Amino acid sequence: MAKRKIGELPSGNVRKKIYDHSELCFDEQGKPIIDPTTGKQRKKKIYISVTAASTAEANRIKAQIQANKKTLQKPISMTLYDAIDKYISSSDALLSPSTIRGYRTIQRNAFKSIMSCKLSALTNEQLRDAVNLECKRTTGKKNPKPLSSKTVINEYGLISAVLNTYAPTLDCSVKLPQIEHNQHDISTPDVIYQIVKGTDIELPVMLAMWLSFTESEILGLTKSKSISPDGSHITIKEVLVKNEHNQSVIKNKGKQPTRDRTLQIPDYIKRLIDQVETDQLVTLSGTALSKRFNRLIKKAGIPHMTFHDLRHVNASVMLEAHIPDKYSIKRMGHATNNMLKTTYQHIFKESERTYDAAIESALDDLISPDK
């Protein structure tokens, strides 16, 4: 029996392998695999396989592919990491600094198993595996926690947008985790007011809880630009956000057009504003503001809340006051009522107990045999 030649298949065809690129190796948790000999991260060589009826034909195809690899520099030859670079640079004048910062965070930390892969080598199976690994990734040093489903979905939104732009033939449809709607308890306005009254964060807390302003909107407020000449109204003219270099940047546009809203200033908040000596209403950084609010919440011993949760308080107050959705979404700066209903509106525990008691009393009157 004749001995098979190198690359010859049982069918008689000949297969040739062409080196394409190398991929960094990661374990099941998405951590780099280090070679104990070199101390560097291991790499796996990726080959293009060519099959032909004869050795001559296989060599001809191999030579053609190698020639094309040297002369053609198409976007699909980029790595996913480089493609994100190109995607950002192509729209950096249109994207918000905070959006670019978010993209850079994803580029730096997410989907590490495929970030160094060339777009030409990516497959739908690799994308599915990468999403599965990303769902297992944890964040936080002291108390590591898995990424939320919303985070993974947002991250993959960027990945799929980049791939649809630079590798449009690749099937990017993968199963993503179901988004969680875990609403935690929030305290009522009177409880929060007692905690912050007289502190250096009373004004920003009132602006968030009473007027539904976000942190970036509050930090961008000034007397000269945001307050009307008669001092009766306040308008979102500018917002203060962080760019990809973690530097504060002023934007003259909100996250969306509906965010550029004007609200009447309550007398109580007007008195607090009158006490501010600077043009900028709040001079604290966003980090300092959040930390001080968290310390007050912890000291008071009430359920944990973030500064952003104060907008949830505002939405929940409007829900209890039976404010029409059309007005509520305008005040919150939303485009539709979907976000308002699914995320921002909560039920205060105190009201829930009152309504529970009323329901129990009504049912007791109906079914009690002694009445």
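Because the structure is a prediction, the values reported are computed rather than measured.

Thresholds applied
- Residues numbered from 1 in each chain as written.
- Predicted model: local features only at pLDDT ≥ 70, side-chain atom pairs only at ≥ 80, totals over all residues.
- Heavy atoms only, no water.
- Helix = DSSP H or I, 4+ residues; strand = E, 2+ residues; numbered from the N terminus.
- Buried < 20%, exposed > 50% of the residue type's maximum accessible area, 1.4 Å probe, protein only.
- Contact = heavy atoms within 4.5 Å.
- Areas by Shrake-Rupley, 256 points an atom, 1.4 Å probe, with all protein chains shown as cover.
- Axes fitted to C-alpha atoms, helices over the stretch in contact; angles between N-to-C directions.
- Parallel < 35°, antiparallel > 145°, perpendicular 65-115°, else oblique.
- Nonpolar A, V, L, I, M, F, W, Y, C, P; charged D, E, K, R; others polar.
- Phe/Tyr/Trp six-rings, centres within 6.5 Å; stacked < 30°, edge-to-face > 60°.
- Pairing = 2+ DSSP bridges.
- Polar contact = N/O pair within 3.5 Å; in protein donor to acceptor, adjacent residues only side chain to side chain.
- Core = buried A, V, L, I, M, F, W, Y, C linked by side-chain atoms within 4.5 Å.
- pLDDT = per-residue confidence, 0-100.
- Salt bridge = Lys/Arg side-chain N within 4 Å of Asp/Glu carboxyl O.
- Left-handed = near helix turned anticlockwise from the far one by under 90°.

Let us look at the overall build of the protein chain. Counting its regular elements, the protein chain contains 16 helices and eight strands. The burial tally for the protein chain puts 36% of its 371 residues in the buried class. Here the contacts in the protein chain between residues at least 6 apart in sequence split such that 64% fall between residues at least 24 apart. Within the structure as shown, the protein chain displays about 22,500 Å² of accessible surface, and the carbon and sulfur contribution to it stands at 53%.

Turning to the packing of helix 7 (residues 189-196) against helix 12 (residues 286-300), a few remarks are in order. The contact between helix 7 and helix 12 brings their axes to 10 Å, and the two run at 110°. Here helix 7 lies roughly perpendicular to helix 12, going by the angle between them. Across from Ile 192, Ile 195 and Val 196 in helix 7, the residues of helix 12 making contact are Phe 293, Leu 296, Ile 297 and Ala 300. In terms of residue class, the contact of helix 7 with helix 12 is built from seven nonpolar, no polar and no charged.

The next point concerns the packing of aromatic side chains. Here the structure, examined in full by the defined rule, presents five aromatic pairs. Ring geometry for Phe 111 versus Tyr 156: centroids 6.0 Å apart, planes at 50°, classification tilted. With Phe 111 in the loop between helix 3 (97-109) and helix 4 (112-115) and Tyr 156 in helix 6 (residues 149-166), the pair connects residues that are 45 residues apart, well separated along the chain. With respect to burial, Phe 111 and Tyr 156 carry one shared label: buried. Among the aromatic residues, ring-to-ring pairing joins Tyr 193, Trp 210 and Tyr 268 into one connected group.

Bringing unusual backbone geometry into the picture now. The residue Phe 111 is not glycine, and still its phi comes out positive at about 45°. Notably, Ser 212 is not glycine yet its phi reads approximately 65°, a positive angle. For Ser 212, the location among the structural elements is in the loop between helix 8 (202-211) and helix 9 (215-219). Overall, Ser 212 belongs to the buried group, its relative accessible area being 0%.

Before going further, it helps to spend a moment on the pairing of strand 6 (residues 239-242). Summarising the sheet, strand 6 and strand 7 (residues 248-251) pair through four bridges and their orientation is antiparallel. By the bridge assignment, Val 239 is partnered in strand 7 with Lys 251. Where strand 6 hands over to strand 7, the hairpin turn is made up of five residues, of which Asn 246 adopts a positive phi near 65°.

Here the focus is the environment of Thr 278. On the secondary structure map, Thr 278 appears in the loop between helix 11 (267-274) and helix 12. Given the relative accessible area of 38%, Thr 278 is considered partly exposed. When the C-alpha atoms of Thr 278 and Thr 222 are compared, they prove to be 8.5 Å apart, with 56 residues separating the residues in sequence. Side-chain polar atoms of Thr 278 contact the backbone oxygen of Gln 280, separated by 2.7 Å.

By size, the foremost hydrophobic cluster in this structure holds 39 residues, and its most contacted members are Val 205, Leu 207, Phe 213, Ile 234, Phe 293 and Leu 310. Looking at this core, the elements that each hand over two or more residues are helix 7, helix 8, helix 9, strand 6, helix 11, helix 12 and helix 13 (309-320). The dominant element in this core, judged by the number of residues it contributes, is helix 8, at seven residues. Excluding its chain neighbours within four sequence positions, the residues that come into contact with Leu 207 are Ser 212, Phe 213, Ile 218, Leu 221, Ile 234 and Ile 269. Of all hydrophobic cores here, the second largest spans 31 residues; its members include Ile 88, Leu 127, Ala 130 and Leu 170.

On average, residues of the protein chain score 80 in pLDDT, and 79% of them reach the 70 mark or higher. Every residue in residues 344-348 scores below 50 in pLDDT, and together they form 29 contacts with partners more than four places removed in sequence or on other chains.

Inspection of every chain in the model, using the stated rule, returns seven salt bridges. With a shortest N-O distance of 2.4 Å, Asp 85 and Arg 104 are connected by a salt bridge. In this pair, Asp 85 sits in helix 2 (residues 80-89) while Arg 104 sits in helix 3, placing the two residues 19 residues apart along the sequence. On the accessibility criterion, Arg 104 (18% relative accessible area) is buried.

Each α-helix turn comprises 3.6 residues. Residues three or four places apart therefore point the same way. The element helix 8 is extensively covered by neighbouring structure, given that nine of its ten residues are classed as buried. Here helix 8 has its buried residues at Glu 202, Leu 203, Pro 204, Val 205, Met 206, Leu 207, Ala 208, Met 209 and Leu 211. Positive backbone phi, approximately 65°, marks Ser 212, located one or two places after helix 8.

Our focus in this paragraph is the packing of helix 5 (residues 124-136) against helix 6. Across the interface, helix 5 lies against helix 6 with an axial gap of 11 Å and an inter-helix angle of 155°. By the criterion of interaxial angle, the relationship of helix 5 to helix 6 is roughly antiparallel. Both helix 5 and helix 6 take part in a crossing whose hand is right-handed. The residues of helix 6 that touch helix 5, namely those facing Leu 127, Val 131, Glu 134 and Cys 135, are Val 152, Glu 155, Tyr 156 and Leu 163. Of the residues that constitute the contact of helix 5 with helix 6, the class distribution is six nonpolar, no polar and two charged.

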